[in-house]
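One-letter residues, chain by chain:
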Amino acid sequence: DQIHDLGLSEVARIQSEMDAILVAQGYMQGSVAERMLKLNEEERFLYPDNDDGKAQILKDYAAIIDEINAGMSKYFGRLPKSPVKVERVPEFSEKGSSGAYYQGPSMDGERPGVFYANLRSVKEHPRWEMRTLAFHEAVPGHHLQTALQTELKGVPTFRNILGFTAFAEGWGLYAERLAWEAGFQADPFSNLGRLRGELFRAVRLVVDTGIHRKRWSREQAIEYMSANTGNPESDVVAEIERYFVMPGQATAYKIGMLKILELRERAKANLGDKFDIRAFHDAVIGAGDMPLEILERKVDAWI
């Protein structure tokens, strides 16, 4: 019930921020979801639907990652040795794969981390959403988190490979916000992409608990997500059916992000002028994935 109410309040907050940006850019009519659907159809934000257009998407993702990589030493004391590259999801598996995903580097460091972009449809990669996706999947998101974990020395092997969803996806969502705070989402449309990503995760809090606690029907959950995210119905149906068979997984993103933000504010309040964002981030992801309870103990000890 607490997570459900948190989701409702976060949905309202994020939609209010998105509405202000949309109005400032001249998008006045309709709900936030309706306006975002229209934005997703605008030609100026889409790449040509051909081989050249798809190749350019990969190049632009790589350029975004190179740009933010150059500024990360201000926010992290430790950065991974392994690089990250951008590749297309293999065409034979496009249909059944997600829009993007990350694969960590090999244990021996010979194979880099890979950010895979699914190019089955250029509409899945509007320009205003690309920065947020790159920041989540690559830098400062899953690549930093996973590569640093893989490179840990002197720990049992399970510490190098074991994942915890709330930690990993919480970090990925936190990384989207961190990139915005660091000035890499200054364009209002890119900031809309960030907020849309956060809204999507807030809506998940509502529908997952709606399904498993409040006994929502499949249709009720689809209707709520469609009305509040502006995502295509086919995507929404796939998401909702996933939540039915994986209870709680969809809540991990926002809950994990909020815990990291809570710990950051606690550290700032306790340390004052001694607070160092680089040292804080090293404390959070420097020892690999862990349950949120263990993370909280670790950060408290660091403070």
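This text goes with the structure placed above it.
In this report, the structure presented in the accompanying data block is examined. Note that the structure is predicted; figures quoted are calculated from it, not measured.

## A few points about the overall build of the protein
- Secondary structure assignment for the protein yields 13 helices and 3 strands.
- What you see for the protein is a C-alpha radius of gyration of 19 Å, in line with the 19 Å of a compact globule of 303 residues.
- On the principal axes, the C-alpha backbone points of the protein span a range of 55 × 50 × 40 Å.
- The buried share among the 303 residues of the protein stands at 52%.
- Pairs at least 24 apart in sequence give 73% of the contacts found in the protein among residues at least 6 apart.
- A total accessible area of about 14000 Å² is found for the protein, and carbon and sulfur atoms account for 51% of it.

## Observations regarding the nonpolar core
- F115, F280 and L295 are the most contacted members of the largest nonpolar core, which has 49 residues in total.
- The residues contacting F280, other than those within four sequence positions of it, are Y174, I260, L263, R264, A267, F275, V299 and W302.
- Of all hydrophobic cores here, the second largest spans 31 residues; its members include I21, L199, V206 and V237.

## Some points on the packing of helix α12 (residues 277-285) against helix α13 (residues 292-302)
- With their axes 9 Å apart at the nearest point, α12 and α13 run at an angle of 145 degrees to one another. Between α12 and α13 the crossing geometry is right-handed. Along the contact surface, α12 presents A279, F280, A283 and V284, while α13 presents L295, K298, V299 and W302.
- The residue inventory of the contact of α12 with α13, partitioned by class, reads 7 nonpolar, no polar and 1 charged.

## A short note on unusual backbone geometry
- Backbone torsion omega between V139 and P140 reads 5 degrees, so that peptide bond is classified as cis.
- Within the secondary structure, P140 sits in the loop between α4 (127-137) and α5 (142-150).
- Unlike most non-glycine residues, R215 shows phi in positive territory, near 60 degrees.
- In this structure, R215 sits in the loop between α8 (188-212) and α9 (218-229).

## Topic: the pairing of strand β3 (residues 113-117)
- With 5 of 5 residues buried, β3 lies mostly within the body of the structure.
- Both faces of β3 are covered, namely the face carrying G113, F115 and A117 and the face carrying V114 and Y116.
- Note that strand β1 (residues 84-88) and β3 share 5 bridges and pair parallel. Counted as the bridge partner of R88 is A117 from β3.
- Both strand β2 (residues 100-103) and β3 contribute to a ladder of 4 bridges, which runs antiparallel. Looking at the pairing, Y102 lines up with F115 of β3.

## A short note on the sheet that holds β3
- With respect to topology, 3 strands assemble into an open sheet ordered β1-β3-β2, the strand pairing being mixed. Across the chains shown, the open sheet's two edge strands, defined by having one partner strand only, are β1 and β2. Neighbour-to-neighbour, the strand axes of the sheet open up by a mean angle of 20 degrees, direction not taken into account.
- Packing against the sheet, α4 makes contact with β2 and β3, and its axis sits at approximately 25 degrees to β2.

## Describing the environment of L173
- Its place among the elements puts L173 in helix α7 (residues 165-181).
- Looking at L173, the relative accessible area reads 1%, which means it is buried.
- Here the alpha-carbon distance between L173 and T132, two residues 41 residues apart in the chain, equals 9.2 Å.
- In contact with L173, other than residues within four places in its own chain, are H136, E198, R201, Y253, K254 and M257.

## A look at a nonpolar patch on the surface
- Taken together, M107, F158, I161 and L162 make up a surface patch of nonpolar side chains, about 410 Å² in accessible area.
- Looking at the element boundaries, M107 is found in the loop between β2 and β3.
- For M107, a relative accessible area of 48% puts it in the partly exposed group.

## Description of helix α2 (residues 32-39)
- All buried positions along α2 are accounted for by V32, A33, R35, M36 and L39. The buried residues of α2 all sit within an arc of 165 degrees when viewed along its axis, so they share a single face.

## Observations concerning the packing of aromatic side chains
- In the structure shown here, the tally under the stated rule is 9 aromatic pairs.
- Measuring from centroid to centroid gives 6.1 Å for F76 and W171, while their planes differ by 70 degrees, and the two rings are edge-to-face. In this pair, F76 is assigned in the loop between α3 (51-69) and β1 and W171 in helix α7, connecting sequence segments 95 residues apart. Of the two residues, F76 and W171, both sit in the buried class.
- An aromatic cluster is built from Y27, F45 and F189, whose rings are joined through pairwise contacts.
- One Lys or Arg, R127, reaches over the ring of Y47 and ends 3.9 Å from the middle of that ring.

Criteria and cut-off values
- Residues numbered from 1 in each chain as written.
- Predicted model: local features only at pLDDT ≥ 70, side-chain atom pairs only at ≥ 80, totals over all residues.
- Heavy atoms only, no water.
- Helix = DSSP H or I, 4+ residues; strand = E, 2+ residues; numbered from the N terminus.
- Rg over C-alpha atoms; globule rule 2.2 N^0.38 Å.
- Buried < 20%, exposed > 50% of the residue type's maximum accessible area, 1.4 Å probe, protein only.
- Contact = heavy atoms within 4.5 Å.
- Areas by Shrake-Rupley, 256 points an atom, 1.4 Å probe, with all protein chains shown as cover.
- Core = buried A, V, L, I, M, F, W, Y, C linked by side-chain atoms within 4.5 Å.
- Axes fitted to C-alpha atoms, helices over the stretch in contact; angles between N-to-C directions.
- Left-handed = near helix turned anticlockwise from the far one by under 90°.
- Nonpolar A, V, L, I, M, F, W, Y, C, P; charged D, E, K, R; others polar.
- Pairing = 2+ DSSP bridges.
- Patch = residues over 30% accessible without salt bridge, like charges linked within 9 Å, V, L, I, M, F, W, Y side chains within 5 Å.
- Salt bridge = Lys/Arg side-chain N within 4 Å of Asp/Glu carboxyl O.
- Arc of directions from axis to C-beta.
- Phe/Tyr/Trp six-rings, centres within 6.5 Å; stacked < 30°, edge-to-face > 60°.
- Lys NZ or Arg CZ within 6 Å of the ring centre and 35° of its normal.

Distances and angles like these do not, on their own, reveal function.
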